[in-house]
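One letter stands for each residue in the lines below.
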Amino acid sequence: MTPPSSPPAPPSADSDVLLVERAVAGDARAFELLVIKYQRRIERLIGRMVRDTDLVEDIAQETFIRAYRALHQFRGEAQFYTWLYRIAVNTAKKALMDMKRNPVISEGALRPADDDDETYRPGNELTTDETPDTVLAAKEIAATVNAAMEALPEELRQAVTLREIEGLSYEEIAEVMNCPIGTVRSRIFRAREAISAKVKPLLENQTGKRW
């Protein structure tokens, strides 16, 4: 008789739920593992909303503190990282509102991204035909994309960041942003159109180049 096959390994989402359950039960190490798993992604998301490096770290820390305090409210109806992203977005929004009330906190919080911003670098796609001209052009395009994203209204920037950089589905973005999926699609479409309008002239000047 053939023995039954072993069950497949549980997906990451199941692992998150187990870690949350352990953390709620008092296992501090379980929550530390969740922080380690998502800290970089949360900081990257916040970094798209708040341009000051020190503030990004502070807001990320506040995000995890809030998440820890609210863990008992997590019911597993959404993915844990979707739930965590919503907390991060709300925490960053609150920080931005606080800065508007007290701009002395940091005038650099909304400055444009620099060339070292690793969250959106189309230049990384250059492979075979790299020359000084193409590398320079790629940096120009990357800078234009970043500038175009920074110029977007906050809700459009959040939506396109969650989709294009974080890779969330439309359903997950709707959950994070607490809005209908149709609104998410509209925001992402408008954001892409605005970015494309800025980048298209540069691409047209690079006809014949490989990207």
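Please read all numbers here as calculations on a predicted model, not as lab measurements.

Thresholds, definitions, all that
Residues numbered from 1 in each chain as written. Predicted model: local features only at pLDDT ≥ 70, side-chain atom pairs only at ≥ 80, totals over all residues. Heavy atoms only, no water. Salt bridge = Lys/Arg side-chain N within 4 Å of Asp/Glu carboxyl O. Buried < 20%, exposed > 50% of the residue type's maximum accessible area, 1.4 Å probe, protein only. Helix = DSSP H or I, 4+ residues; strand = E, 2+ residues; numbered from the N terminus. Lys, Arg positive; Asp, Glu negative; His and termini not counted. Contact = heavy atoms within 4.5 Å. Phe/Tyr/Trp six-rings, centres within 6.5 Å; stacked < 30°, edge-to-face > 60°. Lys NZ or Arg CZ within 6 Å of the ring centre and 35° of its normal.

Engineer: Before we go on, may I ask you to explain the pattern of salt bridges in this structure?
Structural biologist: Opposite charge on two side chains permits them to pair, given that their charged atoms come into close proximity. A full pass over the atoms with the stated rule returns 10 salt bridges. Two residues, arginine 22 and aspartate 27, come together in a salt bridge whose shortest N-O distance is 3.1 Å. Assessed through its relative accessible area of 27%, aspartate 27 is described here as partly exposed. The partner of glutamate 155 in a salt bridge is arginine 187, and the shortest N-O contact between them spans 3.0 Å. In this pair, glutamate 155 is assigned in helix H6 (residues 154-165) and arginine 187 in helix H8 (residues 181-204), connecting sequence segments 32 residues apart. Linked through salt bridges whose partners overlap, the residues forming this network are Arg41, Arg44 and Glu166.

Engineer: Explain the side chain of arginine 157 to me, please; I cannot follow it from the model alone.
Structural biologist: Within the secondary structure, arginine 157 sits in helix H6. Of the side chains with opposite charge, glutamate 150 lies nearest to the buried arginine 157, which makes no salt bridge, at 4.7 Å. Ignoring any residue separated from it by four or fewer positions in sequence, one finds arginine 157 in contact with Arg48, Met49, Met149, Glu150 and Leu152.

Engineer: So what exactly am I meant to see when it comes to the side chain of glutamate 166 here?
Structural biologist: Tracing the backbone shows glutamate 166 in the loop between H6 and helix H7 (170-177). Assessed through its relative accessible area of 7%, glutamate 166 is described here as buried.

Engineer: Would you mind showing me how to read the packing of aromatic side chains here?
Structural biologist: Throughout the structure, instances matching the rule amount to seven aromatic pairs. When the ring of tyrosine 38 is compared with that of tyrosine 81, the centres are 6.3 Å apart and the planes differ by 35°; the resulting orientation is tilted. Of this pair, tyrosine 38 sits in helix H2 (residues 28-47) while tyrosine 81 sits in helix H4 (residues 80-101), placing them 43 residues apart in sequence. Given a relative accessible area of 17%, tyrosine 81 falls into the buried group. Plain terms: the ring middles of phenylalanine 74 and phenylalanine 80 are 5.6 Å apart, the flat faces sit at 90° to each other, and that makes the pair edge-to-face. In this structure an aromatic cluster arises from ring pairing among Tyr38, Phe74, Phe80, Tyr81, Trp83 and Tyr85. Looking at arginine 41, its charged tip hangs above the ring of tyrosine 81, at a distance of 5.3 Å from the centre. Looking at arginine 185, its charged tip hangs above the ring of tyrosine 170, at a distance of 4.3 Å from the centre.

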